[in-house]
Amino acid sequence: MTTEKPAVWYEHLHTEKYTGARRGRIHTPHGTFETPMFMPVGTQGAVKGVGTRELKDIGAQFILSNTYHLWVRPGDELIAQAGGLHKYMGWDQAILTDSGGFQVFSLSDARKLQEEGVTFQNHVNGDKMFLSPEVAMRIQNNLGSDVMMQLDEAIPYFESYDYIKESMQRSLRWAERAQVAHKKPDAQALFGIVQGAGFKALRTESAQGLVSLDLPGYAVGGLSVGESKAEMNRVLDFTMPLLPEDKPRYLMGVAAPDSLIDGVMRGIDMFDSVLPTRIARKGTLMTRHGRVVIKNAKYKQDFTPLDPDLSYYSPNPIRTQQFGNQAQFDNPEYNPFQYLTRSYLHHLFNANEILGAQLASQHNLRFLLQFMEDMRTAIENDELLAFRETVMEEYGYNKPNARLF
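Model, not experiment: these values are computed from the prediction.

S.K.: Whenever I open this one, the overall build of the protein confuses me. Can you help?
M.R.: The helix and strand inventory of the protein stands at 16 helices and 16 strands. For the protein, the C-alpha radius of gyration of 21 Å lies close to 22 Å, the compact-globule estimate for 405 residues. With the principal axes as the frame, the protein shows a C-alpha extent of 60 × 50 × 45 Å. Burial statistics for the protein: of 405 residues in total, 57% are counted as buried. Sequence-distant contacts in the protein: of pairs separated by 6 or more residues, those separated by 24 or more amount to 68%.

Following this line, the structure appears as structure tokens:
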């Protein structure tokens, strides 16, 4: 029996005594990172509007990239020639890649699903392509990501029981094939994805089947796709106890502050979403006191900071490790977000300046990364319920007819 650690493994540090939330670390070939965490999404090998230096400054740990888009362009083989995605995009921390399945099922109407895989037309030039568990593994092995996701079928939440059962069982078989096709288990970790929509029996069957494969980590998929937040929490309540406590757990596609807390309270370690950068490009900011639509005329003469409670530089020790003594020259009192006024950002968006979207994207990501830092502290101090109560009040969840995310 071997005791050698897998490429990616979870270290548990503390359990919050009132909620059971986990505080831990994920060890990867590209560093050790604190959980629970939020992962910025760099779909095509780039987080839109935010460079890798800025990502480190604001405390990003993992970045998520998209297998489908990188396969279509520039191509996984070209990235492999460049030395892998880390070198290609100039990011030396951890990368998670999804399987590409969500894009195949959401972008292409002309697709044919079979047991072997799915045939479809790509969205760039209409070329016919074929994606299978084996192809998804080959692409991700070429990309060299730290965490790779199995191929599964992305289906609407409210499909029939029979369809969801058939799809879930196929995804289980695909996970087994992915594990066999995985060529670099010593350097990359394959995560399975629990499916089954809102049906407890199907989620149980999916989780038990994946756990029997003894994968390095597990994701909960098929949520945050139109169901209510109460429904998502109900599914997490009966799904999370089915997953091993010594493996990382990942909830896909979630970034709303209340959902982040609710997920952490149910045992989730990792989250991702395009939400913060997508809404930023349209001029919506996430702040401690709720959403700010910066294009609104009321901000034209508002010379206050975007969010006076938001710090810029992250205390994340990884940042100091990466930049060494250079980090000591950063003035801890200097905070670009404090000097950046709402009036100025309002002007940038109205003038269609690219800088507006860049600053808003950086701001929203830093908001969520600091949010997770604060949540980790709350877990360590057994104060997560008080943290949640403060967030619900300050962010505006308790207001009638609140406009949230």
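S.K.: What is the right way to look at helix α16 (residues 384–395) in this model?
M.R.: Owing to its 3.6 residues per turn, the α-helix aligns residues three or four sequence positions apart on the same side. When the terminal C-alpha atoms of α16 are compared, their 16 Å separation across twelve residues agrees well with the 16 Å that a helix rising 1.5 Å per residue should span. Every buried residue belonging to α16 is among Leu384, Phe387, Val391, Met392 and Tyr395, and all of these are buried. In an axial view of α16, the angular spread of the buried residues amounts to 130°, which keeps them on one side of the axis. Along α16, exposed side chains directed more than 90 degrees from the buried face belong to Glu389 and Glu393. The inward-facing, buried residues of α16 abut α10 (257–265), β15 (284–287), β16 (290–293) and α15 (354–380). Just past α16, the residue Gly396 takes up positive phi, approximately 105°.

S.K.: Help me out: how do you make sense of the sheet that holds strand β7 (residues 112–113) in this one?
M.R.: The three strands lie next to each other as β7-β8-β9, forming an open sheet whose pairing is antiparallel. Looking at which strands have only one partner, the edges of the open sheet turn out to be β7 and β9 (128–131). Bridge count for β7 against strand β8 (residues 118–121) is two bridges, and the pairing is antiparallel. If you follow Lys112 over to β8, its bridge partner there is Thr119.

S.K.: Quick question: what am I supposed to make of the nonpolar core here?
M.R.: Side chains of nonpolar character tend, in soluble globular proteins, to be buried together. Leu55, Leu131, Leu251, Phe271, Phe371, Met375 and Leu384 are the most contacted members of the largest nonpolar core, which totals 85 residues. In terms of residue count, the dominant contributor to this core is α15 (nine residues). For Phe371, the contacting residues outside a window of four places in its chain are Pro257, Leu260, Ile261, Phe387 and Val391. Met37, Val41, Leu96 and Tyr250 belong to the second largest nonpolar core, which has 20 residues in total.

S.K.: Help me understand the sheet that holds strand β1 (residues 9–15), please; the structure alone is not making it clear to me.
M.R.: Working definition: the strands of a sheet are paired by backbone hydrogen bonds and lie parallel or antiparallel to each other. Taken in spatial order, the three strands of this open sheet run β1-β2-β3, and their pairing is antiparallel. One side of each edge strand has no neighbouring strand; the edge strands of this open sheet are β1 and β3 (31–35). Each strand of the sheet is rotated relative to its neighbour by a mean of 20°, with strand direction disregarded. Of the pairings in the sheet, the one linking strand β2 (residues 22–28) to β3 comprises five bridges and is antiparallel in character.

S.K.: When you look at the pattern of salt bridges in this model, what are you seeing that I'm missing?
M.R.: Two side chains of opposite charge can pair, provided their charged atoms sit close to one another. On inspection of all chains with the given rule, the structure shows 21 salt bridges. Here Arg23 makes a salt bridge to Glu34, at a shortest N to O gap of 2.8 Å. Placement of Arg23 in strand β2 and of Glu34 in strand β3 is noted, with a sequence separation of eleven residues between them. Owing to a relative accessible area of 7%, Arg23 belongs among the buried residues under this scheme. A relative accessible area of 12% places Glu34 in the buried class.

Reading the values: rules and limits
Residues numbered from 1 in each chain as written. Predicted model: local features only at pLDDT ≥ 70, side-chain atom pairs only at ≥ 80, totals over all residues. Heavy atoms only, no water. Helix = DSSP H or I, 4+ residues; strand = E, 2+ residues; numbered from the N terminus. Rg over C-alpha atoms; globule rule 2.2 N^0.38 Å. Buried < 20%, exposed > 50% of the residue type's maximum accessible area, 1.4 Å probe, protein only. Contact = heavy atoms within 4.5 Å. Expected span 1.5 Å × (residues − 1). Arc of directions from axis to C-beta. Pairing = 2+ DSSP bridges. Core = buried A, V, L, I, M, F, W, Y, C linked by side-chain atoms within 4.5 Å. Axes fitted to C-alpha atoms, helices over the stretch in contact; angles between N-to-C directions. Salt bridge = Lys/Arg side-chain N within 4 Å of Asp/Glu carboxyl O.

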